[in-house]
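Remarks on the overall topology
Listed below are the residues making up each chain.
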Amino acid sequence: MVCADHAGARSLASMCDAFLLLAPGDSSPAAQEVLWKRKYLRSHLGNKSYKDRGVTEQEYHAYWAGYVWPRWLEHGFMDRRPKRSEVVNCLTEPEAVAEACYAATASLLKL
């Protein structure tokens, strides 16, 4: 949301020294499918997964396609990547994402 194109986001972004951006691979339909299926099946912060809460795969996909992904296209960094930024693929395993985030952050902040 910080990369969105509106006054509030621009104001907040101006306070940032650098940006670490997570992206689902190449953002293709196949990459999106990997991401939404993982989010559908994974529990998070002590909450049950959407599947375990009784949401069907078709219902979750409708939510993803009708709300989540359009918001990403609207507010994400796709067409407005900040100058001091690194992009990390969030489709790999969580440990690999964490390691890539650490390396990207160290690079951005010259640690």
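The structure this text deals with has already been given above.
Remember, it's a predicted structure, so these values are computed and weren't measured experimentally.

**A few points about the pairing of strand 1 (residues 19–23)**
- Residues of strand 1 alternate between two faces, with Phe-19, Leu-21 and Ala-23 buried on one and Leu-20 and Leu-22 left unburied on the opposite face.
- By the bridge criterion, five bridges tie strand 1 to strand 2 (residues 85–89) in an arrangement that is parallel. Within strand 2, the position partnered with Leu-21 by the bridge is Val-87.

**Focus: the packing of aromatic side chains**
- Taken as a whole, this structure holds seven aromatic pairs when the rule is applied.
- Note on Trp-36 and Tyr-60: the rings are 6.4 Å apart at their centroids and 35° apart in plane angle, and the pair reads as tilted. Of this pair, Trp-36 sits in helix 2 (residues 29–41) while Tyr-60 sits in helix 3 (residues 57–75), and the two are 24 residues apart along the sequence.
- Its relative accessible area of 7% is what places Trp-36 among the buried residues.
- With 4.8 Å between their ring centres and 45° between their planes, Tyr-50 and Tyr-60 make a pair best called tilted. In this pair, Tyr-50 is assigned in the loop between helix 2 and helix 3 and Tyr-60 in helix 3, connecting sequence segments ten residues apart.
- Given a relative accessible area of 28%, Tyr-50 falls into the partly exposed group.
- Note on Tyr-60: relative accessible area 4%, which makes it buried.

Reading guide: rules and limits
Residues numbered from 1 in each chain as written. Predicted model: local features only at pLDDT ≥ 70, side-chain atom pairs only at ≥ 80, totals over all residues. Heavy atoms only, no water. Buried < 20%, exposed > 50% of the residue type's maximum accessible area, 1.4 Å probe, protein only. Helix = DSSP H or I, 4+ residues; strand = E, 2+ residues; numbered from the N terminus. Pairing = 2+ DSSP bridges. Phe/Tyr/Trp six-rings, centres within 6.5 Å; stacked < 30°, edge-to-face > 60°.

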